[in-house]
Amino acid sequence: MAVIFDGIAYGLQLGLLAVGLTLIYGLGGVLNLAHGQFAVVTAIAATVLVDVGLPMPLAILAAIALAGMLALAFDASLMRPVYRLRGEARVLLSLLLTIGAAFVIDGLLIYYYPFAALNVDISGSAVNVLGVAMRRGSLAASLLAVLALGTLILFLRYTRRGKAVRSVIQDEEGAQLCGINPARVRTAVFVLSGVLAGVAAVAEGLTSSLGATDGLDLTILALIVTVVGGLGSVAGALVAGLLLGIVYTLSSFYIGAYVTFIILLLAAMLTILVRPSGLMGKGA
Amino acid sequence: MDDTRVPVGTEEAGAAVAEAQRARPLRAYLPVVVTAVVLGALPLLIGDSRYFLSLAVLMLVFAGYGVAFNIIFGNTEQLFLCLGALAGISGYTAAILGNRLQLPMLLGVLIGALLSALLGAAFSWVSVRRRLGVIFVGIITLSFSLVFANVLLGQRDLTGGETGLIIESAPGVVAGRGVGAYYVFLALLTVFLACHRWLQRSHVGWAFRALRDDEVAAELAGIDVARFKLIAGVIGSLMVGLVGGLYAYYEGFISPSTYAVGQVDIPVLVMLAFGGIGSLLGPVVGAAVFAVVDELLRPLSSIRTTVYGAILLVLFLGFRHGVIPALTGLGRRVRNRRTPRT
């Protein structure tokens, strides 16, 4: 039973990680392969700020704000030429540009902070009884994820801005006719996805640790979850996150870590082949 | 991007030149011959330096991968992010067959390359059948690459896991790592380039161009899009398999990192972005520049990754079609300005 709980906790984290990616895709038809790097930047920034002397909560908030700013910079620079294209060409260029950006960030972080890793220890005492200390961390991470995801869903469902976002996802031209500026909405959502990646980094830091080399792995995990849930579907990302989180924990508990990753990858491949729109996606 | 140098004049003149070129096929293959001659003379420049020779071989290997990727992605927009895995399937097959069953190198590499071609065919077939968009093909093939890497790590008994596999082959031209090996890879590359040129000039090339411009229109015009995508996928994957298998014997040692996405697919992407996706000689130019740049950047350790990322960004932001086509396009414009039009 403890395994299932761990799985749910991990699944919430996966959902949190994937939801930003899927939002951007749904909104602009853009795939951001530097998504994991947003999380890593947050983690490294938080550790650096703590080293400087800031208290942990403040450092984390500042680091998340930095991730949002980085996303804003992305949107203002790299995404400009991307949005000028349409359809397949747009996805392709976004993919290639964000891969390039991911490398730029990775190289710099690994060079300057090879050993920095975010590790938010909330158990208080350092070496603890193994299970209990971890349990607390993952409980806090789950709470954080639920809080962030809940806020996101409430925002999308009930606020004016959230409704604007959903209207652009449904029909860009129609939204424009209603006086919504899609470019502004896209920018806002890009920043939002950066912030969500930052929160995901904190959740990761609560349960394990997050270092400079983890960006690509996070992106791939987020991509798998997003694909299984359906590119562009927020609810799909959550369901797929939970599902894959439970599968992941069960499988690595009973079978082994390397087979587990293969299972996740095969799940993504199978989804594309059988139902490209994903679990909760709109029909193709 | 077709870089047969048809001077841009009136439509008629262009058509006439194209007609003349078809009549004189030698002209069309001139770039291939020139490349072979220039690269053939390279060992004379290098002399006895084993180090530079191995760099030159690496350049040829990547040029080979590049030509293959060019055929698959540049011509038919199938984003195969599994070049490394396709090369690795061939490499590991050849190595394991050689080590366990004492199969000769050539036979092992051929079997391995056929396996790669089969897999490439499967990817093409599936993506055409399911009408997958570019990114979905990318994600599927990338997932496959990661699955392959994990299987290599997991199946220790067969692949040696992380420590890799030493290939116990009888000493030969390729395994000797000398000038002979260089010429073997050069011969292979020349065949690839000639094959690509031949494809471009045949009805397959016309179909490629049509379906790259507009797939729906091509289909409406009666072009069997599925068939031509499959052709590109199979030929490209076969090429990747041949290079990957031979490279295993050349190195004498392979490990999962030899064929990792970051070691093969990403550099090929950077090279092609530089040389120009779709152009005949793009992969060769890209690989040559990459070899030099990579050597210069070696002392920079992980900052290298940053530089490659920046190169990718600049290339895709500034030169959507690659530097070489941009330069030739510039040259063409200058030439046109000088010769007054009639």
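This structure is a prediction, so every number in the text was calculated from the model and none was measured.

Asks: How would you sum up the overall build of chain A? Please name residues and give values.
Replies: Broken down by element type, chain A carries 12 helices and two strands. The helix and strand sequence of chain A, counted from the amino end, reads α-α-α-α-α-β-α-α-α-α-β-α-α-α. Here the C-alpha atoms of chain A give a radius of gyration of 18 Å, agreeing with the 19 Å that 2.2 N^0.38 yields for 284 residues. Judged by the C-alpha coordinates and their principal axes, chain A covers about 60 × 45 × 35 Å. Considering only contacts in chain A between residues 6 or more positions apart, those separated by 24 or more positions represent 78%.

Asks: Go over the overall build of chain B with me, naming the residues and quoting the values.
Replies: The secondary structure content of chain B amounts to 15 helices and two strands. A buried classification covers 47% of the 342 residues belonging to chain B. Long-range pairs, those at least 24 residues apart, make up 77% of the contacts in chain B with a sequence separation of at least 6.

Asks: Tell me about the interface of chain B and chain A, and please be specific about residues and values.
Replies: Facing 29 residues of chain B, the contacting portion of chain A comprises 33 residues. Contributions of two or more residues to the side of chain B that touches chain A are made by α6 (134–154) and α14 (303–318) of chain B. Per-element accounting of the side of chain B that touches chain A gives the leading share, 12 residues, to α6(B). A per-class count over the side of chain B that touches chain A returns 17 nonpolar, 10 polar and two charged.

Asks: How would you sum up the confidence of the model for chain A? Please name residues and give values.
Replies: Residues and elements named next belong to chain A. Confidence in the prediction for chain A averages 86 pLDDT; 93% of positions are at 70 or higher. Within chain A, no element has a lower average pLDDT than helix α6 (residues 130–158), which sits at 79, and none a higher one than helix α3 (residues 56–76), at 93. Across residues 124–133, confidence stays below pLDDT 50; counting only partners more than four residues off in sequence or on other chains, it has three contacts.

Asks: A description of the packing of helix α1 (residues 2–28) of chain A against helix α9 (residues 182–207) of chain A should follow, citing residues and the corresponding values.
Replies: Residues and elements named next belong to chain A. Here α1 crosses α9 at 165°, and the two axes come no closer than 8 Å. On the basis of their axis angle, the class for α1 and α9 is roughly antiparallel. Once α1 is placed against α9, the crossing between them reads as left-handed. Contacts from Q13, L16, L17, V19, G20, L21, L23, I24, L27 and G28 of α1 reach α9 at R186, V189, F190, L192, S193, L196, A197, V199, A200, A203 and E204.

Asks: Explain the confidence of the model for chain B residue by residue, including any values.
Replies: Looking at chain B as a whole, its pLDDT mean stands at 84, while 85% of the residues score no less than 70. Two summary scores accompany this predicted model of the complex, namely pTM at 0.86 and ipTM at 0.85.

Asks: Kindly report on helix α2 (residues 35–52) of chain A, identifying the contributing residues and their values.
Replies: A rise of 1.5 Å per residue sets the reference length of α2(A), with its 18 residues, at 26 Å; its end C-alpha atoms lie 26 Å apart and thus fit the reference within 8%. Of the residues trailing α2(A), A:G53 is marked for its positive phi of about 130°.

Asks: Explain unusual backbone geometry residue by residue, including any values.
Replies: Residue and element names in this part refer to chain B. With a phi angle near 55°, Q102 is a residue other than glycine that sits in the positive phi range. Among the structural elements, Q102 can be located in the loop between α4 (83–101) and α5 (105–129). Judged by local crowding, Q102 falls into the exposed class, with 11 C-beta atoms found within 10 Å. Within the chain, R131 stands out as a residue other than glycine whose phi angle is a positive 50°. As for its placement among the helices and strands, R131 is situated in the loop between α5 and α6. In this structure R131 comes out as exposed when scored by C-beta crowding, with 10 C-beta atoms within 10 Å.

What counts as what
Residues numbered from 1 in each chain as written. Chains lettered and ligands numbered in written order. Predicted model: local features only at pLDDT ≥ 70, side-chain atom pairs only at ≥ 80, totals over all residues. Helix = DSSP H or I, 4+ residues; strand = E, 2+ residues; numbered from the N terminus. Rg over C-alpha atoms; globule rule 2.2 N^0.38 Å. Contact = placed C-beta atoms within 7 Å. Buried ≥ 20, exposed ≤ 12 C-beta atoms within 10 Å, placed from the backbone. Nonpolar A, V, L, I, M, F, W, Y, C, P; charged D, E, K, R; others polar. pLDDT = per-residue confidence, 0-100. Axes fitted to C-alpha atoms, helices over the stretch in contact; angles between N-to-C directions. Parallel < 35°, antiparallel > 145°, perpendicular 65-115°, else oblique. Left-handed = near helix turned anticlockwise from the far one by under 90°. Expected span 1.5 Å × (residues − 1).

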